[in-house]
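# A structural walkthrough
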Amino acid sequence: MRPTFRHGVHPPDSKELTAHVALRRMPYMDEVVLPLRQHAGKPAVPVVRPGDRVQRGDVVAEADGFVSSPVHASAAGVVKSIGWWPHPDGSMAEAIRIAVDRYSPQIPRPRMVPRWEGLTPQQVVQAVQDAGIVGLGGAAFPTHVKLLPPKDVRVETLIVNGAECEPYLTTDHRTMVEYPERVHFGVRVMMKALGVTRAVIGVERNKPDAIERLIATRPSDLDITILPLTVKYPQGAEKMLIHAVTGREVPSGKLPMHVGVVVQNVGSIATIAEVFETGLPLVERIVTVSGRGVRRPSNLIVPVGTKARDVLDFCGGLMPDATEIVFGGPMMGAAQPDPETPITKGTTGIVVLTRRDTPRAETLPCIRCGRCLEACPVFLNPSQLGLLAQAGRYDDLEAMHLGDCMLCGSCSYVCPSNIPLSQMFALSKMALKKARTKVVA
Ligand code: SF4
Ligand code: SF4
């Protein structure tokens, strides 16, 4: 039997637009905008003031506690201001604006390259936190937190997430094809930090060249399995991947470490390797720019903080029938009304959809067809949750396990009545979070 999970959907993957397009480096623009909130947890705290000169790689905001991450200047220049700016999540958020030195060679200050072999696991974890590494698959959870499981929890296996099941995106694909040795080096460092002897890299079968490259470069002294996975959405969701690789279910309310695994995105693994190769923190990331609405679909290495408008201009601009700019993919991504929104650490791609991709469809009443139940990978009842969300019955939503919903969009995708179920669940989750914060305050 092929490794996979139960339920799920099969949207067209549309990866042919960029799957074989080699990575290019995006040039530095006049300005980068660095939100203080680019990760799950507490926002970073600025340590620079307007007028300060910074070099590429300098800390501009410090982590605020353990579940937080520092932010580094992605380009040399002068701090222009610290204030509100459009954030990819649709809100306005505090951000540091840097006017980029036009003629700077963008060479970072000389820095210590940590020799990972001589470090204790705690020192490796500290180096990962200091470098501002977060999950690059979209969730942006600080990586160092996953590397420090509580003492009473035993982690046996590191699972590397190379599934990249979201349509259009080829960020992880190109990382695995172009930097397979770096991926293996990152796995080596992570295995040491976690004290595990086994790693599995899960890759969907629609990336045969990535599978081939990873197998060809696999180090002989490590137990690393390259596992081809069934092409199905959302194969890359943490719980689905764990089920496909180990056959284990992560119980509701529990974490992957409770079933003995830690999952890390392949892009984050490659970035960890870079920290121990160059000493440079996370100041750039790989971004797929795709969709039929952009002239030159590309895979780019982009300085964090580059604005969407600049990235799209570099890719030839928009097609006349472009209708929507989405950060992430069409299933879980967020539409961006403002092209000044910057690329953050968690931005996997920019997908530009056209009129053909986004036909107007009227929302109709639920016909109780049950398709959403068959699609939901965590076995929820999206139809019923939708009715409760519409009625604003948040307590009942909690009782019906809304907390387990990953907002994967599979239910919305199959619904013949065009009910925006996952969007309704996202709003309900936000309302619940707000209500809880109020109660605590
Ligand atoms: S969005 Fe939530 S309810 Fe809908 S299919 Fe995904 S996990 Fe299930
Ligand atoms: S797929 Fe849509 S119409 Fe069918 S049961 Fe679910 S919510 Fe109702």
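Please refer to the structure placed before this passage.
Computed from a predicted model, the values in this text were never measured in an experiment.

## Considerations on helix H5 (residues 208-216)
Listed as buried for H5 are Ala210, Ile211 and Leu214. Projected onto a plane normal to the axis of H5, the buried residues spread over an arc of 100 degrees and lie on a single side. Opposite the buried face of H5, at more than 90 degrees from it, the exposed residues are Pro208, Glu212 and Ala216. If you follow the buried residues of H5, they end up packed against helix H3 (171-178), helix H4 (180-194), strand E10 (198-204) and strand E11 (223-229).

## Notes on the site of ligand 2
Near ligand 2, the surroundings consist of Cys366, Ile367, Arg368, Cys369, Gly370, Cys372, Ser383, Cys415, Pro416, Ser417, Ile419 and Leu421. Looking at the shell around ligand 2, its residues break down into eight nonpolar, three polar and one charged.

## A closer look at the site of ligand 1
Around ligand 1, 13 residues are found, and the nearest of them are Cys376, Cys405, Cys408, Gly409 and Cys411. Within the residue set of the shell around ligand 1, elements represented by two or more residues are helix H12 (410-414) and helix H13 (421-440). Here the residues of the shell around ligand 1 are counted per class, giving ten nonpolar, three polar and no charged.

## Observations concerning the pattern of salt bridges
Taken as a whole, this structure holds 22 salt bridges when the rule is applied. Taking the shortest distance from any N to any O, the salt bridge between Lys146 and Glu238 comes out at 3.0 Å. Of the two residues, Lys146 is situated in helix H2 (residues 143-146) and Glu238 in helix H6 (residues 238-246); the sequence distance between them amounts to 92 residues. Judged by its relative accessible area of 30%, Glu238 is partly exposed. A salt bridge links Glu274 to Arg182, with the nearest nitrogen and oxygen atoms 3.7 Å apart. With Glu274 in helix H7 (residues 266-278) and Arg182 in helix H4, the pair connects residues that are 92 residues apart, well separated along the chain.

## A word on the packing of aromatic side chains
Counting across every chain of the model gives one aromatic pair. Taken together, a centroid distance of 5.9 Å and an interplanar angle of 65 degrees make the contact between Trp116 and Phe185 edge-to-face. In this pair, Trp116 sits in the loop between strand E8 (92-100) and helix H1 (121-130) while Phe185 sits in helix H4, placing the two residues 69 residues apart along the sequence. For the residue pair Trp116 and Phe185, the accessibility class agrees, reading buried in each case. Across from the ring centre of Phe5, 4.4 Å away, lies the NZ or CZ of Lys232, which sits over that ring.

## A word on the sheet that holds E8
Ordered by their spatial adjacency, four strands build an open sheet running E2-E8-E7-E4, and the pairing between neighbours is antiparallel. Bordering the open sheet on either side are strand E2 (31-35) and strand E4 (53-54), each of which pairs with just one other strand. Bridge count between E4 and strand E7 (residues 77-86): two bridges; the pairing is antiparallel. Considered in E7, the bridge of Arg53 is made with Val78.

About the cut-offs
Residues numbered from 1 in each chain as written. Chains lettered and ligands numbered in written order. Predicted model: local features only at pLDDT ≥ 70, side-chain atom pairs only at ≥ 80, totals over all residues. Heavy atoms only, no water. Buried < 20%, exposed > 50% of the residue type's maximum accessible area, 1.4 Å probe, protein only. Helix = DSSP H or I, 4+ residues; strand = E, 2+ residues; numbered from the N terminus. Arc of directions from axis to C-beta. Contact = heavy atoms within 4.5 Å. Near = heavy atom within 4 Å. Nonpolar A, V, L, I, M, F, W, Y, C, P; charged D, E, K, R; others polar. Salt bridge = Lys/Arg side-chain N within 4 Å of Asp/Glu carboxyl O. Phe/Tyr/Trp six-rings, centres within 6.5 Å; stacked < 30°, edge-to-face > 60°. Lys NZ or Arg CZ within 6 Å of the ring centre and 35° of its normal. Pairing = 2+ DSSP bridges.

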